[in-house]
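# Report on the structure
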Amino acid sequence: MTISKIKKFHIFAHISIKESLLIELQKLGCVEIINIEEREEFHNWNSLDDDFSLNSPVNLSNVKFCIDLLSSYRAKKSKGLKSLLTPKKIYSYDELVQLEQQYNFQELFNRCKELDNELNQLNLQENRLNAAQQEIQRWLGLDLDLSKIEERKYIKIIPGSITKNNYQNLVSDIEQQVKTSVIQIIAEEKNKLNIAIIILKENQPKLEPILQKYFFEIYKYSHTFIGTPKQIIKTINEQLHAITGRREEIRQTLIKLYSENQFIYPLYDLLSIKQEKEDTKKYLKKSAKTIAVRGWVQKKDIPKLEKRLKENFSFYDVSFSEPKEGEVIPIVLSNKAMVRPFEIITELYSLPDYHTIDPTPILSIFYFVFFGLALSDVGYGGAMALMSYLAMKYLQLGKGAKKFFNLLYYCGIAGILGGILLGSWFGDILNYLPPVFNNLSFFLTQKIALFNPVENPIPLLILSLILGVIQIYTGILIKFTDNVSKGKLTDGIMDQISWLVLITGIILYLVKGMLPSVISKISGTAILIGTISIILTQGRAQKNILLKIGSGILALYGITGYLSDFLSYSRLFALGLATGIIAQMFNMLATMIKIPYLGVLFTLVILIVGHTFNLFMSGLGAFIHDARLQYVEFFSKFYDAGGNPFRPFTLKTTYIEVEDTSKADKL
Amino acid sequence: MSEGIVLAYLGAALAIGLAGSGSAIGVGIAGTTGAGLMTEDPSKFGLVLLLQAIPGTQGIYGLLVGFLVLIKIGIFAGAPAYLTIKQGMLILYSCLPVGIVGFFSAIYQGKTSAGSIGLIARRPEETGKAVVLPAMVETYAVLSLISSILLLNGVEL
């Protein structure tokens, strides 16, 4: 059993220590607080919903706003890698709390808000100016004050645009009907002309029908700028310049604010810790003088919890109980260090049910072997192991990421072993070495390697299938032992052993050619026994005797399921072969280039790009197909999924790390 | 150059061309959905890329078989083998599984990947299951690859 034992804890405490109790539990970080259901014993207890105390302006969303604004203006954009390389700052909980009082966030927030508003205003204004500039640019040739165009006493100036096709007709119509007029082309656009028509005011009624006839669009000047278009453009440019200047000023201010106010990061984390605490309060119950807290704790953490309570409080009572039947118990997997990274694979599928077994230890062996076969290249495995090793060593990673790289590290090692087995070193790169190394490459690819799938694929295919048989037998046997340990021996024999007998019989029958003749007799008997027992037992849930037999016979159809499960493992062979051949292909392409001097460069580029690509694709394929074999073929034989992860009530942070001071005190 | 080699070339071309086209379509389908998801949540780029890459494998399988054909008929060795029409036909037929199955499975795998991308958009905790669904489709591409390799291996020159 590698599923951690879980107990339920019940704490009753005086209401005066409510806050400090929660803070201590949060700092301890090993309990999950759960809701106290309405039941007899708590029927006149109240929930603490009315207690929320986070209405201050120093709240999460405001701090987040400042962080987002300021960090986008940080002086130099530090690269993602750099932030991965620098460790997070560590604060103690008490330091954090002091920090909140030390700094005036309200002032910073107001300042940020102000600057942000101004920036938005500037953007709006800039857009408006740009639009106006574009519009007025089209009338640049008109040497008149646009704002005063309507104010002429005797003449009327009408600027507007018309399609080129209509222009000539318009001109001739005006000349014929309006007579006194000046028509000037201001600018020419794609298929339009911007023109200005100047007439005597009294002639205006005559002009209007003509304008309508030719779809003349009158240009209405609607801006407040005064002057000729040239002057206006100049004004606009000046204003735009001023905006750019002001924006740069704001940028500098924000950069300064950013470097002066680093405290917002720990502040954000402190507030989210507090928020978490407030959110947890809804699970508690209170009476006039007492609060009740209930939740889960790992059995191994119980002494820690008891000690912490004893050290800090006196008005409390804590007790522990076994989880009851039917309760949803959270799951913590606790495997040995070697196996732990493979918990990721189990977790990706789903955690096990509390009362069943954790498949991780046995899965880790299969996953390792299968990955090795599927990747099966010394070069790729080595690259993967090396990179994940470096990542673990030099990057500042969270727990989850570290675990993942650790898994990749193991997978890389598996790949190396698989590669040695198949004689694949970056494909066949050893063949391209100078003749001096002939002995070495012969030794590595011919002597040590057990398989040469390109020349004879069958042995590797058979190995893949044998591995499949082993895994599926393991799965069935796990289920059998599980049944036995739960006292359901007969179920185990009927549901698992009968299938095992039948499958073994069929497999022996298929390979009987290679085995002594006595085996074929055994296989026949096994098939017979297996078939009969399945027909007799698989319908036992039915009441009617005919239905019993009928369902039994129908259950035999399940044999196709097992056969397709076995065949599914042939993918290991295909993936293993694919890695080597694609690598070989890139090697060949790279060495085909025969340009003097520059050719070496091309060769290198092809090798690097090609092998990186192949490493990525093969790694991805190995990862996914390996996982699929575990989930679909292996887990389906025995695994009860559906556990919920244990979610401890703890100090969750984003930007910094918080240390539980009371631990540090003791050190 | 012998007549059989023409057929072997056709086989290699079909394996690479059909499976590659299927992968291109499949990766395209998954990519469109992925881009849609990333407009909402760009931080899922890694996962989306992973799911988008899955239908890409058929193209690789096709390339692999095509490459095996070229090795087999000695193109890279510089001296193409003498192939009768019958041998050429056999090689051509060996290429068909990976070409045909690769083409169709990649398209449907692309659709499944797109669906899985939709799944992780709403329930990121179900990544494991989201990755397994397209891998179910992959089974048939793998089987066709194995068939092609075995068939090709059986052709005697």
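Residues numbered from 1 in each chain as written. Chains lettered and ligands numbered in written order. Predicted model: local features only at pLDDT ≥ 70, side-chain atom pairs only at ≥ 80, totals over all residues. Heavy atoms only, no water.

## Brief notes about a negative patch on the surface
Residue and element names in this part refer to chain A. Operational definition: Residues qualify for a patch when their relative accessible area is over 30% and they have no salt bridge, like charges being joined within 9 Å and the nonpolar side chains of Val, Leu, Ile, Met, Phe, Trp and Tyr within 5 Å. A 1.4 Å probe and the Shrake-Rupley method give the accessible areas. Residues count as covered only by the protein chains that appear here. Salt bridges are counted wherever a side-chain nitrogen of Lys or Arg sits within 4 Å of a carboxyl oxygen of Asp or Glu. His is not counted, nor are the chain ends, whereas Lys and Arg count as positive and Asp and Glu as negative. Note that the charge is assigned to NZ on lysines, CZ on arginines, CG on aspartates and CD on glutamates. Every helix listed is a DSSP run of H or I at least four residues long, and every strand listed is a run of E at least two residues long, numbered separately from the N terminus.
There is a patch of like negative charges on the surface, built from Asp94, Glu95, Glu657 and Glu659. Those elements that place two or more of their residues in the negative patch are α4 (93–102) and β15 (657–659). By the secondary structure assignment, Glu659 is in strand β15.

## As for the sheet that holds strand β8 (residues 217–218) of chain A
Residue and element names in this part refer to chain A. Just so we agree on the cut-off: Strands qualify as paired when DSSP identifies two bridges or more between them. The criterion used for residue contact is that any of the two residues' heavy atoms lie within 4.5 Å. For every element, the axis is a line fit to its C-alpha atoms; helices are fit only across the contacting stretch, and the angle between N-to-C directions ranges from 0 to 180 degrees.
The antiparallel open sheet is built from four strands, whose spatial order is β6-β7-β5-β8. Two strands bound the open sheet, and with one partner strand each, they are β6 (181–188) and β8. Pairing geometry for strand β5 (residues 155–163) and β8, over two bridges, is antiparallel. Counterpart to Gly160 in the pairing with β8 is Ile218. Against the sheet, helix α7 (residues 204–213) touches β5, β7 (192–200) and β8, its axis set at about 160° to β7.

## Details of the pattern of salt bridges
All names here are of chain A. Applying the stated criterion to the full structure yields 30 salt bridges over all chains. As a salt-bridge pair, Glu118 and Arg246 come within 2.5 Å of each other at their nearest N and O atoms. On the criterion of sequence distance, the pair formed by Glu118 in helix α5 (residues 105–137) and Arg246 in helix α8 (residues 229–260) is long-range, its members being 128 residues apart. Residue Asp565 pairs with Lys637 through a salt bridge whose shortest N-O separation is 2.7 Å.

## Some remarks on the confidence of the model for chain A
Using the following cut-off: Residue-level confidence of the predictor, termed pLDDT, takes values from 0 up to 100.
On average, residues of chain A score 86 in pLDDT, and 95% of them reach the 70 mark or higher. The secondary-structure element of chain A with the lowest mean pLDDT is helix α23 (residues 661–666) of chain A, recorded at 49, while helix α12 (residues 360–375) of chain A shows the highest, at 95.

## What to know about the pairing of strand β10 (residues 290–298) of chain A
Residue and element names in this part refer to chain A. Heads up, the condition is: For each residue, the accessible area found with a 1.4 Å probe, counting protein chains only, is set against the maximum for its type, and the residue is called buried under 20%, exposed over 50%, and partly exposed in between.
Burial within β10 is extensive, with eight of its nine residues counted as buried. With nine bridges connecting them, strand β1 (residues 6–14) and β10 associate as antiparallel partners. Paired with Phe12 across the strands is Ala292, a residue of β10. In terms of strand pairing, strand β2 (residues 31–33) meets β10 through three bridges, oriented antiparallel. Each residue of the ladder has a partner; that of Glu32, found in β10, is Trp296. Across two bridges, the pairing between strand β9 (residues 285–286) and β10 is antiparallel.

## As for the interface of chain B and chain A
Our working definition: Two parts placed together each lose some accessible area; with a 1.4 Å probe, that loss summed over both constitutes the buried area. Nitrogen and oxygen atoms within 3.5 Å of one another constitute a polar contact, given that in protein one can donate a hydrogen and the other can accept it, and given that sequence-neighbouring residues count only through two side-chain atoms. In this classification, Asp, Glu, Lys and Arg are treated as charged, Ala, Val, Leu, Ile, Met, Phe, Trp, Tyr, Cys and Pro as nonpolar, and every other residue, Gly included, as polar.
Contact with chain B, which involves 29 residues of that partner, is made by 31 residues of chain A. Summed over both partners, the interface of chain B with chain A buries about 2500 Å², with 85% contributed by carbon and sulfur atoms. Here chain B and chain A share zero salt bridges between them. Applying the counting criterion to the chain B and chain A interface returns four residue pairs in polar contact (both at pLDDT 80 or more). At 16 residues, the largest contribution of residues to the side of chain B that touches chain A is made by helix α5 (residues 127–154) of chain B. By residue class, the composition of the side of chain B that touches chain A is 21 nonpolar, six polar and two charged.

## Some remarks on the sheet that holds strand β13 (residues 351–352) of chain A
Residues and elements named next belong to chain A. Strands sit in the order β12-β14-β13 across an open sheet of three strands; the sheet is mixed. The open sheet has two edge strands, β12 (330–331) and β13, and neither has a second partner. As paired strands, β13 and strand β14 (residues 641–645) are joined by two bridges and run antiparallel to one another. Pairing of Leu351 across the sheet is with Gly643, part of β14.

## Brief notes about unusual backbone geometry
Negative phi values dominate among residues other than glycine, just as trans dominates among peptide bonds. All names here are of chain A. Of note in this structure, Ser376 is not a glycine but carries a positive phi near 40°. Looking at where Ser376 falls in the secondary structure, it is placed in the loop between α12 and α13 (378–394). Looking at Ser376, the relative accessible area reads 1%, which means it is buried. A positive phi angle, close to 60°, is found at Tyr597, a residue other than glycine. Turning to its location among the elements, Tyr597 is positioned in the loop between α21 (570–592) and α22 (598–638).

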